[in-house]
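Residue-level structural notes
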Amino acid sequence: GRRRRLRRGDAENAAPIRLAIVGPGRLGGALSRRARAAEPGRFEFLGAVGRSDDASILKSAACVLVAVPDPVIAQVAKDFATRGLVRPCSLWMHCAGGRPVDDLDPILGESARAGVFHPLAPVPSAERGERTLEGAPVAIEVEARSERLASSVAEGLGLVPTSVGVSDRAAY
């Protein structure tokens, strides 16, 4: 497979994307900072939550970025699905390039969509990551019906969306 640039989102005519982030760490913090600093009207940033937080904001998110340690992605997805916090038709993307989309399978039972959103930049801290993510590529693996939303989220965060299939993962 070959990597390809995703089609651009239609940000000019779109309503703000209701975005939430799961994970209070370095990457989650950097993405949260970028979402808060995005151009006006791009996002309705609902906030960032940890596993034990009141995560009711997730029920109204159109897109959720899951920025937690790789070994707990599946458990986090299961926890939030079990708690009824997954909005039908929402797009949940985890940020771990080395993990399969299948880690998010628990949310599929809630009629949500799943994908991978892996920024290809160092994130040593939330503060520094806010800067290093600017203009960085982000490897995205989603179904065709989710490409426009995933691309719009990436562009709104100042990242360059690139479609990456399962067979391309070893290349990056």
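This structure is a prediction, so every number in the text was calculated from the model and none was measured.

The buried fraction of helix α5 (residues 147-156) is high, at nine of ten residues. Of all the residues in α5, the buried ones are E147, L149, A150, S151, S152, V153, A154, E155 and G156. Residue G158 follows α5 closely and has a positive phi angle near 85 degrees.

Most of strand β7 (residues 137-141) sits inside the fold, with four of its five residues counted as buried. Pairing of strand β6 (residues 113-119) with β7 involves four bridges; the strand directions are antiparallel. The partner of P119 across the bridge, within β7, is V138. Since β7 and strand β8 (residues 160-163) lie parallel, the crossover through α5 that links them has a hand, and here it is right-handed.

Let's shift gears to the environment of S52. Among the secondary structure elements, S52 is positioned in the loop between β3 (43-49) and β4 (63-66). Here S52 falls in the exposed class, since its relative accessible area comes to 72%. When the C-alpha atoms of S52 and D79 are compared, they prove to be 9.7 Å apart, with 27 residues separating the residues in sequence.

A word on the nonpolar core. Counting residues in each nonpolar core, the largest one holds 30 residues, and the members touching the most others are L65, F117, V153 and L157. Elements with a minimum of two residues in this core: β2 (17-22), α1 (26-36), β3, β4, β5 (91-94), β7 and α5. The contacts of V153, once residues within four sequence positions are left out, are I17, L19, F43, C63, L65 and F117. Among the nonpolar cores identified, the runner-up in size contains 25 residues, and A20, L58, A77 and V116 belong to it.

Time to look at α1. With eight of eleven residues buried, α1 lies mostly within the body of the structure. Buried residues along α1 sit in contact with β2, β3, β4, β6 and α4 (126-132).

Using the criterion set out here, one finds zero disulfides in the structure. Its sulfur unpaired, C95 is 9.2 Å from the next cysteine sulfur, which belongs to C63. Its relative accessible area of 9% is what places C95 among the buried residues.

Calculation notes
- Residues numbered from 1 in each chain as written.
- Predicted model: local features only at pLDDT ≥ 70, side-chain atom pairs only at ≥ 80, totals over all residues.
- Heavy atoms only, no water.
- Buried < 20%, exposed > 50% of the residue type's maximum accessible area, 1.4 Å probe, protein only.
- Helix = DSSP H or I, 4+ residues; strand = E, 2+ residues; numbered from the N terminus.
- Pairing = 2+ DSSP bridges.
- Right-handed = clockwise from strand over helix to strand, strands pointing away.
- Core = buried A, V, L, I, M, F, W, Y, C linked by side-chain atoms within 4.5 Å.
- Contact = heavy atoms within 4.5 Å.
- Disulfide = S-S within 2.5 Å.

Keep in mind these values describe shape, not function.
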